[in-house]
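Okay, here's what each chain looks like letter by letter:
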Amino acid sequence: YADNPGNRRMVEETLNEGGDVVKPYQVPGTSTVRVTLVWNDPPGFYSSSENQRKPDLIHDLNVEVIGPNGTTYLPYVMPYVKTNVGSGTWDTSESLIETPATTGTNHRDNVEQVVIPNPPVSGVYTTRVWHSRSFTNQVSKQPFSLILSGVNTNGSLSITSTPQNVATEGST
């Protein structure tokens, strides 16, 4: 990073209940784009059952990247986690455990990463962060961080958001 900080960026932001955070970034299209979403999830609920397979996230944040041609890129998901979402079971067959990660909406992890190995076109790629479940314990917002690489950090693009979450880069 110290040798080439020009295509990396870290953004700390806050997601409000019912809102989303949308941020555009210029992508030169010459290197892999990585967008990593990270947040500290509130404490979960105690369970006496061993090896419980139901999602334990309290604030289930999600990330996607939309390319200038309208293509939506989603984060990695392990195939045995993605199978039977909602039923609380994992498919742990050998064939799935040995299968590489796929992409989709991740409801299991508080670290999610979208990778665009060879951006098909240069232009403005938009990151969107939202949540799948209602926030709990009278909490109306969730701080998070985005770590980006492969984006142009020179110059500025306007930051947009939904009316419920009017935010600027770096505000929390």
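Procedures and definitions
- Residues numbered from 1 in each chain as written.
- Predicted model: local features only at pLDDT ≥ 70, side-chain atom pairs only at ≥ 80, totals over all residues.
- Heavy atoms only, no water.
- Helix = DSSP H or I, 4+ residues; strand = E, 2+ residues; numbered from the N terminus.
- Buried < 20%, exposed > 50% of the residue type's maximum accessible area, 1.4 Å probe, protein only.
- Contact = heavy atoms within 4.5 Å.
- Areas by Shrake-Rupley, 256 points an atom, 1.4 Å probe, with all protein chains shown as cover.
- Salt bridge = Lys/Arg side-chain N within 4 Å of Asp/Glu carboxyl O.
- Pairing = 2+ DSSP bridges.
- Phe/Tyr/Trp six-rings, centres within 6.5 Å; stacked < 30°, edge-to-face > 60°.
- Lys NZ or Arg CZ within 6 Å of the ring centre and 35° of its normal.
- Polar contact = N/O pair within 3.5 Å; in protein donor to acceptor, adjacent residues only side chain to side chain.
- Core = buried A, V, L, I, M, F, W, Y, C linked by side-chain atoms within 4.5 Å.
- Axes fitted to C-alpha atoms, helices over the stretch in contact; angles between N-to-C directions.

Visitor: Help me get a handle on the overall build of the protein, residues and values and all.
Guide: In terms of helices and strands, the protein carries two helices and eleven strands. Listed N to C, the secondary structure of the protein is β-β-β-β-β-β-α-α-β-β-β-β-β in terms of helices and strands. By residue count, 36% of the 172 residues in the protein fall in the buried class. Restricting to contacts in the protein with at least 6 residues of sequence separation, those with at least 24 account for 82%. Here the protein has roughly 9,400 Å² of accessible surface; of this, 50% comes from carbon and sulfur atoms.

Visitor: Please provide a residue-by-residue account of the pattern of salt bridges, values included.
Guide: Applying the stated criterion across every chain yields a total of three salt bridges. One salt bridge connects D20 with R128, and the closest N-O pair in it is separated by 2.9 Å. Note that D20 is positioned in strand β2 (residues 20–27) and R128 in strand β9 (residues 123–131), a separation of 108 residues in sequence. R128 gets classed as partly exposed once you look at its relative accessible area, which sits at 24%. When salt bridges with common partners are traced through the structure, they connect D20, E64 and R128 into a single cluster.

Visitor: Just give me the short version of the pairing of β9, but keep the residues and values in it.
Guide: Pairing analysis gives eight bridges linking β2 to β9, with the strands arranged antiparallel. In the sheet register, V22 faces β9, and the bridge partner there is R128. Sheet topology note: the strand β4 (residues 61–66)/β9 ladder contains six bridges and is antiparallel. Counted as the bridge partner of E64 is R128 from β9.

Visitor: Before we move on, could you go through the packing of aromatic side chains and cite the residues and values that matter?
Guide: This model, assessed by the stated rule, comprises zero aromatic pairs. Across the ring face of W130, the terminal group of R128 is positioned such that the distance to the ring centre comes to 4.2 Å.

Visitor: Can you break down the pairing of β4 residue by residue, with the values?
Guide: For β4, the tally of buried residues reaches five of six residues, placing the bulk of the element in the interior. Direction of pairing for β4 relative to strand β5 (residues 72–73): antiparallel, over a ladder of two bridges. By the bridge assignment for β5, I66 is matched with T72. Between the end of β4 and the start of β5, which pair antiparallel, lie five residues, with G70 showing a positive phi angle near 90°.

Visitor: Tell me about the environment of Q142, and name the residues and values.
Guide: For Q142, the location among the structural elements is in strand β10 (residues 141–149). A C-alpha to C-alpha distance of 9.2 Å links Q142 and P42, two positions 100 residues apart in sequence. Filtering out sequence-adjacent residues up to four positions away, Q142 remains in contact with E13, T14, L15, W39, N40, P42, H59, L61 and F135. Polar side-chain contacts of Q142 include one of 3.0 Å to the backbone oxygen of N40. Only 2.6 Å separates the side chain of Q142 from the side chain of H59, close enough to count as a polar contact.

Visitor: Let's hear about the nonpolar core: which residues, and what values?
Guide: One finds V35, L37, L61, V129, F144 and L146 to be the most contacted residues of the largest nonpolar core, which totals 23 residues. Where this core is concerned, the elements lending two or more residues are β1 (8–16), β2, β3 (33–38), β4, β8 (111–116), β9 and β10. Contact partners of F144, with chain neighbours within four places excluded, come to V11, E12, E13, T14, L15, V21, L37, V38, W39, L61 and V129.

Visitor: Let's hear about the sheet that holds β1: which residues, and what values?
Guide: Strand order in the open sheet formed by four strands is β1-β10-β3-β8, and the pairing between neighbours is antiparallel. Where the open sheet ends on each side, the last strands, each with one partner, are β1 and β8. For this sheet, the mean inter-axis angle between neighbouring strands, taken without regard to orientation, is 15°. Across nine bridges, the pairing between β1 and β10 is antiparallel. Across the sheet, the residue bridging to R9 is L148, located in β10.

Note that every value here comes from positions in space, so none of it alone points to a role or purpose.
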